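# Structural overview
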Amino acid sequence: MRYGEVLAGKGPGPAAGTTAAVTASLAAGLATKVAKAAADREAVDELDALRATALRLADDDVEAFAGFLEARRLDRLSDRGGGPAAAEAIVQVPADVVAVAVRIAELAALLAEEGPDALTGDAVTAAFLAAAAAESAAMLVGTNIADAGELADPRVEHVEERAGHARTLAERLV
């Protein structure tokens, strides 16, 4: 089954967090194309690693959310409370997506400015995709913290600031 079909299916996952991570991987792939054309071996290597990390995070997101739902179900059945590790996972995974996506946006912005003119559009697109992934994942950090029953958590402000940085980088390119 293709990702788009799975995404459109009924059920808890994959969903927004997975899509943010996959979007970051697409941004990294597009930026890698530009880095290869620019013969920037360091950028190619870093972007390849970031793409692989983003894809791993896509899988991690599905697992984290399934674990959270299961922990919540067990909590209701046993009335024991708990599930803090599961609740933490649904916050940490999108926070990690933010970090990866921001770094991809930084590299894409640099490549847009210094890479081959013929591929500027690819680099700019990569920067916007990475910024969108970062912003989406940052929103999920806040949503998932609230779903886990937490109140004011400093991680929300941190990921929102980082995602804003990625957005600013992309917007400066146009």
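Residues numbered from 1 in each chain as written. Predicted model: local features only at pLDDT ≥ 70, side-chain atom pairs only at ≥ 80, totals over all residues. Heavy atoms only, no water.

When its secondary structure is counted, the protein chain shows six helices and zero strands. Order of helices (α) and strands (β) in the protein chain, N terminus to C terminus: α-α-α-α-α-α. Radius of gyration (C-alpha) of the protein chain: 17 Å, near the 16 Å computed for a compact globule of 174 residues. Once the C-alpha set of the protein chain is aligned to its principal axes, its extents read approximately 60 × 40 × 25 Å. The long-range share in the protein chain, meaning contacts at least 24 apart out of those at least 6 apart in sequence, stands at 73%. (Helix = DSSP H or I, 4+ residues; strand = E, 2+ residues; numbered from the N terminus. Rg over C-alpha atoms; globule rule 2.2 N^0.38 Å. Contact = heavy atoms within 4.5 Å.)

Another aspect to go through is the nonpolar core. Counting 55 residues, the largest nonpolar core has L47, I104, L111 and V141 as its most contacted members. If one sorts the elements of this core by residue count, helix α4 (residues 84-114) sits on top with 17 residues. Setting aside residues up to four positions removed in sequence, V141 forms contacts with V91, P94, A95, V156 and V159. (Core = buried A, V, L, I, M, F, W, Y, C linked by side-chain atoms within 4.5 Å. Buried < 20%, exposed > 50% of the residue type's maximum accessible area, 1.4 Å probe, protein only.)

What follows concerns the side chain of S25. One can find S25 in helix α2 (residues 16-37). Residue classification places S25 among the buried positions, given a relative accessible area of 6%. Not counting residues up to four positions away in its chain, the partners in contact with S25 are R51, A54 and L55.

Turning next to the environment of D122. Along the chain, D122 turns up in helix α5 (residues 120-147). Other than its neighbours up to four places away in sequence, D122 contacts L30 and V34.

Here the focus is α2. Taking 1.5 Å per residue as the helical rise, α2 with its 22 residues ought to reach 32 Å, and the 32 Å between its terminal C-alpha atoms agrees with that figure. Just downstream of α2 lies A39, where phi reads positive at about 55°. (Expected span 1.5 Å × (residues − 1).)

Tallied over the entire structure, the rule returns ten salt bridges. Ionic pairing is found between R51 and D48, a salt bridge with its closest N-O pair at 2.6 Å. Linking R51 with D48, this pair stays in helix α3 (residues 41-78), spanning three residues, or about one helical turn. On the accessibility criterion, R51 (31% relative accessible area) is partly exposed. In this structure D48 comes out as partly exposed when scored by relative accessible area, which is 25%. Salt-bridge contacts for E70 lead to R73; the nearest nitrogen and oxygen are separated by 2.7 Å. Of this pair, E70 and R73 both sit in helix α3, three residues apart, which is roughly one turn of the helix. E70 sits in the partly exposed class, given a relative accessible area of 35%. Among the charged side chains, a salt-bridge network with shared partners connects E46, R103, E106 and R162. (Salt bridge = Lys/Arg side-chain N within 4 Å of Asp/Glu carboxyl O.)

This part takes up the confidence of the model for the protein chain. Averaged over every residue, the pLDDT of the protein chain is 91; the share at 70 or more is 93%. The weakest mean pLDDT in the protein chain belongs to helix α1 (residues 3-8) at 81; the strongest belongs to α2 at 97. (pLDDT = per-residue confidence, 0-100.)

Here we take up the packing of α2 against α4. Packed helices, taken two at a time, are described by the angle between their axes plus the distance between the axes. Remark: α2 packs on α4, axes separated minimally by 9 Å, with the N-to-C direction vectors making an angle of 25°. As summarised for this structure, α2 and α4 are arranged roughly parallel, according to the angle between their axes. Taken as a pair, α2 and α4 cross one another with a handedness that is left-handed. Here A20, A21, A24, A27, A28, A31, V34 and A35 of α2 lie close against α4, whose contacting residues are V97, A101, I104, A108 and L111. In terms of residue class, the contact of α2 with α4 is made up of 13 nonpolar, no polar and no charged. (Axes fitted to C-alpha atoms, helices over the stretch in contact; angles between N-to-C directions. Parallel < 35°, antiparallel > 145°, perpendicular 65-115°, else oblique. Left-handed = near helix turned anticlockwise from the far one by under 90°. Nonpolar A, V, L, I, M, F, W, Y, C, P; charged D, E, K, R; others polar.)

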